[in-house]
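Observations on the three-dimensional arrangement
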Amino acid sequence: MPIGVKADSAAPSPASPAGGGKEQRVTKQRKAVSAALDDLDDFVSTQELYRILQNQGVSVSLATAYRILQSLADEGLVDVLRNGDGEAVYRRCAVTGHHHHLLCRNCGRAVEVEAPAVETWAVRTAAEHGFTEVDHTVEIFGLCQDCTALKAAGKL
């Protein structure tokens, strides 16, 4: 998936193909990665997820974790985007349609948001310039309420 492109997440089972793609073999590593993502609320990098799995005693290599996450993203089962450092991060989102995220630069907290005004603007802007089959990604980075309070208290 190209940098900055976000996969819309759907909620089919980890073994079901999305968009008519090839069905993936369900291995114990794939199940473990999927289960770990189900337990997380925020976006996670492959290396962070790898550490979580290792701490749980799951035997999976970092390369396998990368392959599984990419496969889940390709299937539309997780959202993938680039964080402020340009690193790919992954999350299984509750919203199944097109949506955007507010992301905390400090703690990584993510909030899913629908933005009809952004959708209207994107369609209008593309049409004004003769573009068709347009896709877009909008991610808003800032400090969440908790991190803002920590910063105000001089603890951040």
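Heads up: the structure comes first, above all this text.
Residues numbered from 1 in each chain as written. Predicted model: local features only at pLDDT ≥ 70, side-chain atom pairs only at ≥ 80, totals over all residues. Heavy atoms only, no water.

Right, let's get into the overall build of the chain. Per the secondary structure count, the chain includes five helices and six strands. The secondary structure elements of the chain, listed N-terminal to C-terminal, are α-β-α-α-β-β-β-β-α-β-α. In the chain, which comprises 156 residues, the proportion classed as buried is 32%. Intrachain contacts of the chain at a sequence separation of at least 6 include 57% that bridge at least 24 residues. When the accessible area of the chain is evaluated, it comes to approximately 9300 Å², of which 52% is carbon and sulfur surface. (Helix = DSSP H or I, 4+ residues; strand = E, 2+ residues; numbered from the N terminus. Buried < 20%, exposed > 50% of the residue type's maximum accessible area, 1.4 Å probe, protein only. Contact = heavy atoms within 4.5 Å. Areas by Shrake-Rupley, 256 points an atom, 1.4 Å probe, with all protein chains shown as cover.)

Where helix 2 (residues 46-55) contacts helix 3 (residues 62-74), the two axes come as close as 10 Å, and the packing angle between them is 120°. It follows from the interaxial angle that helix 2 and helix 3 lie oblique. Along this stretch, helix 2 crosses helix 3, giving a crossing that reads as right-handed. Packed against helix 2, whose contacting residues are Thr46, Gln47, Leu49 and Tyr50, the element helix 3 presents Leu62, Ala65, Tyr66 and Leu69 at the interface. Residue composition of the contact of helix 2 with helix 3, by class: six nonpolar, two polar and no charged. (Axes fitted to C-alpha atoms, helices over the stretch in contact; angles between N-to-C directions. Parallel < 35°, antiparallel > 145°, perpendicular 65-115°, else oblique. Left-handed = near helix turned anticlockwise from the far one by under 90°. Nonpolar A, V, L, I, M, F, W, Y, C, P; charged D, E, K, R; others polar.)

The next point concerns the sheet that holds strand 6 (residues 139-142). As summarised here, the arrangement of the three strands in space is 5-4-6, forming an open sheet in which the pairing is mixed. In this open sheet, the two edge strands, each paired with only one partner strand, are strand 5 (110-113) and strand 6. Put simply, the sheet's adjacent strands are angled 20° from each other on average, direction ignored. (Pairing = 2+ DSSP bridges.)

With that settled, consider the sheet that holds strand 3 (residues 88-91). Strands sit in the order 1-3-2 across an open sheet of three strands; the sheet is antiparallel. With partners counted over all chains shown, the strands left at the sheet margins are strand 1 (44-45) and strand 2 (79-82), one partner each.

Scope: geometric values only; no functional claims are made or implied.
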